[in-house]
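# Remarks on the overall topology
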Amino acid sequence: MNIRRRTPEDEAACVAALAEVQRADRYPVDWPDDPWGWLAPAGLTSAWIAVEAGRVLGHVGLTRDGEIVRLFVTPPARGRGLAARLLDAVRAAARGPLKLEVSSEGEAAIAFYERSGWRRVGSSRAHWVNAAGEPALVHHYVTP
C-alpha cells in the first residue's frame, strides 16, 4: 500500500472510493452533483491518496489555511491504519498547526481523532444538514 499525492489521473478511482464510503456511511450526506469537484473544495492546496493494487483506499486534502478536508477510508480498508498514515503525509507537508471539522454523527472519526491526540476546541452548527435533515453539529479540532 502506497500513500502518494493525488493527480488528475486519479479522478475515476477517487470518485469510486468516495461512492463506496457514501453508500456505507452517508459521507458526504448527499451525493454531490460533481463528486470530483467536491473532492477539490475551494482553497485546496494538496491531496493525498492511499493506493493498493490500483485501487484508491483512502483520501485526504489540505487547504491553504491548514484545514484537513475530505478524509475518508473505504470500508474494506479500515482497521489498517490508513487514516493515520494519510494524516502523517499531510503533517509532513504542512507548515504550522492543522485543524479539522467532523460531524457529531461521525462517532468513529471522533474517537479516532481524540485517540490520536487531536484537541476539540469548539462546536458549531453547519450550513449543511445531517441525516436527520437538521443543520449538522460539527466539532472543531486542532493538531496535538
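You'll find the structure just up there.
Bear in mind the structure is a predicted one, so any value in this text is a computation, not a measurement. (Residues numbered from 1 in each chain as written. Predicted model: local features only at pLDDT ≥ 70, side-chain atom pairs only at ≥ 80, totals over all residues. Heavy atoms only, no water.)

## What to know about unusual backbone geometry
To be explicit about the condition: By definition, any uninterrupted DSSP run of H or I lasting at least four residues is a helix, any uninterrupted run of E lasting at least two residues is a strand, and each is numbered from the N terminus. When accessible area is computed with a 1.4 Å probe and restricted to protein chains, residues below 20% of their type maximum are described as buried, those above 50% as exposed, and intermediate ones as partly exposed.
Cis rather than trans, the peptide bond between tyrosine 27 and proline 28 has omega equal to -5°. Along the chain, proline 28 turns up in the loop between helix H1 (11–25) and helix H2 (35–38). The phi dihedral of arginine 26 is positive, around 60°, even though this residue is not glycine. Arginine 26 sits in the partly exposed class, given a relative accessible area of 37%. Even without being a glycine, arginine 70 presents a positive backbone phi close to 55°. The topology assignment puts arginine 70 in strand S4 (residues 67–73).

## Things to note about the pairing of strand S7 (residues 135–142)
Convention followed: Strands pair, by our definition, only if DSSP identifies at least two bridges between them.
In terms of strand pairing, strand S5 (residues 99–103) meets S7 through 5 bridges, oriented antiparallel. Bridging from a neighbouring strand, valine 102 pairs with histidine 139 of S7. As paired strands, strand S6 (residues 119–129) and S7 are joined by 7 bridges and run antiparallel to one another. Across the sheet, the residue bridging to serine 123 is histidine 139, located in S7. With antiparallel pairing between neighbouring strands as the criterion, S6 and S7 make up a hairpin whose turn holds 5 residues, including glycine 133 at a positive phi of roughly 85°.

## Some thoughts on the sheet that holds S5
Put simply, the rule is: Axis definition: a line fitted to C-alpha atoms, limited for helices to the stretch in contact. Angles are taken between N-to-C directions and run from 0 to 180 degrees. Residue contacts are defined here by distance: any two heavy atoms, one from each residue, within 4.5 Å place the two residues in contact.
Here 7 strands make up an open sheet; going across it, the order is S1-S2-S3-S4-S5-S7-S6 and the pairing mixed. Both outer strands of the open sheet, strand S1 (2–5) and S6, are each paired with one neighbouring strand and no more. If you compare each strand with its neighbour and ignore which way they point, the axes differ by 30° on average. In terms of strand pairing, S1 meets strand S2 (residues 44–52) through 4 bridges, oriented antiparallel. Considered in S2, the bridge of isoleucine 3 is made with alanine 50. Its contacts with the sheet place helix H3 (residues 82–93) against S1, S2, strand S3 (55–63) and S4, and it is angled at close to 155° to S4. Where helix H4 (residues 107–115) meets the sheet, it contacts S4, S5, S6 and S7, and its direction lies at approximately 150° from that of S5.

## Things to note about the packing of aromatic side chains
Keep this limit in mind: Between the rings of Phe, Tyr and Trp (Trp by its six-membered ring), a pair exists once the centres lie within 6.5 Å; its type follows the angle of the planes, with under 30 degrees stacked, over 60 edge-to-face, and the other angles tilted. Each ring is checked for a lysine NZ or an arginine CZ that lies within 6 Å of its centre and within 35 degrees of its normal; such an atom marks a charge sitting over the ring.
Enumeration according to the criterion identifies 4 aromatic pairs in this entry. Between phenylalanine 112 and tyrosine 113, the aromatic rings sit 5.5 Å apart at their centres with planes inclined by 55°, giving tilted as the arrangement. For phenylalanine 112, a relative accessible area of 17% gives the class buried. Owing to a relative accessible area of 7%, tyrosine 113 belongs among the buried residues under this scheme. Connected via pairs of aromatic rings, a cluster forms that spans Phe112, Tyr113, Trp118 and Tyr141. Looking at arginine 6, its charged tip hangs above the ring of tryptophan 36, at a distance of 4.5 Å from the centre. Above the plane of the ring of tryptophan 38 lies arginine 70, whose end atom (NZ or CZ) is 3.9 Å from the centre.

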